[in-house]
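# Report on the structure
Here's the letter readout for the chains.
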Amino acid sequence: MPSLRSRLEMWCRVAAFGVLGWLLGGSFFTSSNRRIERANTQNVAAHLESWTRAPSTTTLHLDLTAVPETWVVDWLAALRHSNHLVNWSGSPPAVALVTEPVSDPEGGVRIDIAAPTGADVVVRDEGSLIDSARISALGATMLTPIAIGNVTATVGSQRVGATPIDSARLKSVVVIGDAGWEGKFIASALEERGWAVTPHFSVAPNVDVTQGAPLIIDTARVSAVIAIDTSIRSHAAELERFVRSGGGLILAGPSAQSLRALAPGSVGARTRPTVHPADTMRLGTTGFYPVMSLNSGGVPLDRRSDGVVLAARRVGAGRVLQVGYDDSWRWRMAGAPGSERAHREWWSRLVASVAYVPPAAPNSNEGGTAAPLAHMVDRLGPAQAAVNLSGERPPVDRRLLLALILTLLIVEWGSRRLRGLK
Amino acid sequence: MTTEFVFATAQYDSGDWDSAPLLPANIIDTIARYTEITVAPTGAIVPLGDDRMLRYPLIYMTGHLPVRFSDAERRNVKRFVERGGLLFIDDHNHDVDGTFHKTATEEIARTVAPLAELPNNHPLYSAFFKFDGPPTTAHELNGWGDNLVHKHLMAVERNGRIGVLYSSKDYSSEWNYHPDSKRFLSVDNTKFAVNLVVYALTA
């Protein structure tokens, strides 16, 4: 049985060759134990220059409370492509900002913000503060008549930016139906609001009151069509093509009966609505056709005690609204004070909600990234759990290992020599 | 039907508002005869001082006697025009020096705006039938009134649409007969009423 001394010598030899083998292996295979450089939201920008000159085996880790600016993220992504291991941890708020021109002749900008529930959001443009809000659910929407330059939203230390598109390019609105007060006053209301309206009213057999050229319904000329009554059926094929290619359609009163393939729902028997105290309809209210049995994809938007008065549905690339009211003109003419303006704005909003707006080329986004967290995840990957990082060992100095090998071999050799062995 | 067109005649406190009682039925007959417009078989008499007058966006008004609106009538007529209604006033005297003309035009100027000549190429004259201007009536030169052929109608326009249309042509006499008598006419003299209704419903 070998003595304790000889076992120690054996152990030293094995350990020395073991360490030597590990060093040799490390020279052939990349070590997982890279050098780690750390930074946080505040100082990451200052580190970029030195990190760019660091060996490509360096791990760059960010501990973030907010997403750095776009150029910093892009710089880090470039380092990642040059073989640096770049990762990050932390919980920067997921904030996104979208600005869209309102589809309304009077213009305006709609600002949609997504942020964590309970977050306080401050929105401003280059001119001044626009508004602030506390997020209650999925986000917040703000309307502003005009936005000067870039729009930015700030949530805590997180800042997001977007550059609004100047304005929506609106086409005309076609109002089709038999001659009557409803069509006349819808057309009037929209014209007063600034829409270009092309009325097409049937007065007698083969006698239509229209403007200018023959009626052609396509998205090159028309943003939306409003059908007043069942006379729309002669345009059914044309309208289906129009809607599927992105056009907006409003089916008022009984007109949905004639376009069942497009309508959000079927048309119920005409009823007399309950008047709510806040209604400006007072004298004007009469009745409406409730939207019954919604079709696939139909969504009720407005419901009264007598039934659904407003429903919507997407068909192809377009949108269809079904409006139960068939004599909203009474609201405008005989309603309470302010009803004329209310009628005008209500119809304008309906049209704006379905109107086809040609996609505009987005402006260069100088206000920052609209969704910085998504942008960072796209460029750098998802967050890495901090616990994994804390478990990482610092790299071992190879000089120490060489010294250790030398020591082990000297101990083993010295012990053997003292025992008289070679 | 709730969407049908109802021919409404204005009832006002002063004057003889019902001086052409056969006219509404005659015009309703004409509308039904030439168009597909859903029209109520009987007309309505609408007090101008009652808010319910706002339910009738086209109102016909006539008379021989002075017109003096009450405060309620004035307020309603103003709202009516502002909201897009069309008030058609016809001077049953066909006399620009008569009391109806003087008082009615003064009242309209006070309530809405001063009347101005309506050009004879206005869309009103081509809304259904084609006219070169307001059709002449047999009553303009009947020895009564001012004995003039009035070449223009007068109007107050709002947002590019006629809000008040004023006639010295005396259509109230011209159209005031039983519809069955139309068959004795070589040319239907009520055709201009179709233009008036179609214009009101479509413009």
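Each chain carries its own residue numbering, running from 1 in the written order of its sequence. Written order determines the labels here, with chains lettered from A and ligands numbered from 1. For a predicted model such as this one, the threshold for reporting local features is a pLDDT of at least 70, and the threshold for listing and counting side-chain atom pairs is 80 or more; totals across whole chains, interfaces and linings nevertheless cover every residue.

Turning our attention to the overall build of chain A. Think of it this way: any DSSP run of H or I at least four residues long counts as a helix, any run of E at least two long counts as a strand, and we number them from the N terminus. The number of helices and strands found in chain A is 10 helices and 20 strands. Residues with at least 20 neighbouring C-beta atoms inside 10 Å of their own are called buried, those with 12 or fewer are called exposed, and the rest are partly exposed, where every C-beta is derived from the backbone. Considering chain A as a whole, with its 422 residues, one finds that 36% of them fall into the buried category.

The next thing to look at is the overall build of chain B. Along its length, chain B carries five helices and seven strands. Secondary structure elements of chain B, listed N to C terminal, follow the sequence β-α-β-β-α-β-α-β-β-β-α-α. Computed over its C-alpha atoms, the radius of gyration of chain B comes to 16 Å, within 12% of the 17 Å expected for a compact globule of 203 residues. Within chain B, the fraction of its 203 residues that count as buried is 49%. Contacts here follow a simple rule: the backbone-placed C-beta atoms of the two residues must lie within 7 Å. A fraction of 76% describes how many contacts in chain B between residues 6 or more apart in sequence connect residues 24 or more apart. Only C-alpha atoms enter the radius of gyration; for comparison, a globular chain is expected to reach 2.2 Å times N to the power 0.38, where N is the number of residues.

Moving on, we come to the interface of chain A and chain B. With 26 residues of chain A in contact, the opposing surface of chain B contributes 19 residues. Of all elements in the fold, only helix H4 (181-193), strand S12 (197-204) and helix H6 (329-334) of chain A reach the threshold of two or more residues within the side of chain A that touches chain B. For this scheme, ten residues count as nonpolar: Ala, Val, Leu, Ile, Met, Phe, Trp, Tyr, Cys and Pro. Four count as charged, namely Asp, Glu, Lys and Arg, and the remainder, Gly too, count as polar. When the residues that make up the side of chain A that touches chain B are grouped by side-chain class, the tally is 12 nonpolar, five polar and nine charged.

Moving on to the packing of helix H1 (residues 23-34) of chain B against helix H5 (residues 191-202) of chain B. All names here are of chain B. With axes taken as lines fitted to C-alpha atoms, and helix axes fitted only over the stretch in contact, angles between N-to-C directions fall between 0 and 180 degrees. Closest axis-to-axis distance for the H1/H5 pair is 9 Å, and the angle between their directions is 80°. As judged from the angle between their axes, H1 and H5 are roughly perpendicular. For the pair formed by H1 and H5, the contact residues are Ile27, Thr30, Ile31 and Tyr34 on the first element and Ala193, Val194 and Val197 on the second. An angle counts as roughly parallel when it lies under 35 degrees, as roughly antiparallel when it exceeds 145, as roughly perpendicular when it falls between 65 and 115, and as oblique in every other case.

Here we come to the domain arrangement of chain A. How big an interface is tends to be stated in terms of the accessible area lost upon association of its parts. All names here are of chain A. For each domain, the first and last residues come from an automatic or database assignment. Domains assigned within chain A are domain 1 (4-90 + 373-418), domain 2 (96-167) and domain 3 (172-354). Inter-centroid distance (C-alpha atoms) of domain 2 to domain 3 is 31 Å. Taken residue by residue, the interface counts five residues in domain 2 and five residues in domain 3. Of the residues assigned to the side of domain 2 that touches domain 3, the class counts are two nonpolar, one polar and two charged.

Residue and element names in this part refer to chain A. It is at 9 Å that the axes of helix H3 (residues 70-81) and helix H8 (residues 372-380) come closest, and there the two elements cross at 10°. By the criterion of interaxial angle, the relationship of H3 to H8 is roughly parallel. In this structure, H3 contributes Thr70, Val73, Asp74, Leu76, Ala77 and Arg80 to the contact, and H8 contributes His375, Met376, Arg379 and Leu380.

Residue and element names in this part refer to chain A. Pairing is antiparallel in the open sheet, where four strands are placed in the order S7-S6-S9-S10. A single partner strand is all that each edge strand has here, and the edge strands are strand S7 (129-134) and strand S10 (158-162). For this sheet, the mean angle separating the axes of adjacent strands, direction not counted, is 15°. Here, a strand pair is defined by DSSP locating no fewer than two bridges between the strands. Direction of pairing for strand S6 (residues 120-124) relative to strand S9 (residues 151-155): antiparallel, over a ladder of four bridges. Across the sheet, valine 122 pairs through a bridge with threonine 154, a residue of S9.

All names here are of chain A. Joined through C-beta atoms within 7 Å, a set of buried Ala, Val, Leu, Ile, Met, Phe, Trp, Tyr and Cys residues constitutes a nonpolar core. Core analysis: the largest hydrophobic core is formed by 118 residues, its most contacted members being Ala224, Ile250 and Val351. Once residues within four sequence positions are removed from consideration, isoleucine 250 is found in contact with Ala224, Ile226, Ala227, Leu321, Val323, Leu350, Val351 and Val354. Of all hydrophobic cores here, the second largest spans 32 residues; its members include Val44, Leu76, Ala147 and Val151.

Residues and elements named next belong to chain A. Tracing the backbone shows alanine 237 in helix H5 (residues 236-244). The class of alanine 237 is exposed, set by 8 C-beta atoms lying within 10 Å. In sequence terms alanine 237 and leucine 259 are 22 residues apart; their C-alpha atoms lie 9.3 Å from each other.

Okay, the sheet that holds strand S4 (residues 96-101) of chain A next. In any sheet, the strands associate via hydrogen bonds between backbone groups, in a parallel or an antiparallel arrangement. Residues and elements named next belong to chain A. Read from one edge to the other, the open sheet built from three strands follows the order S4-S5-S8, with strand pairing classed as antiparallel. Edge positions in the sheet fall to S4 and strand S8 (139-144), since each has one partner strand and no second. Mean inter-strand twist for the sheet, computed between neighbouring axes without regard to direction, equals 15°. One ladder, built from six bridges, connects S4 with strand S5 (residues 109-114); its direction is antiparallel. When the sheet's bridge partners are listed, glutamate 100 is paired in S5 with arginine 110.

Residue and element names in this part refer to chain B. Here proline 47 lies in strand S2 (residues 44-47). In this structure, the C-alpha to C-alpha distance between proline 47 and methionine 154, residues 107 residues apart in sequence, is 23 Å. Those residues in contact with proline 47 that sit more than four places away from it in its chain are Gln11 and Met53.

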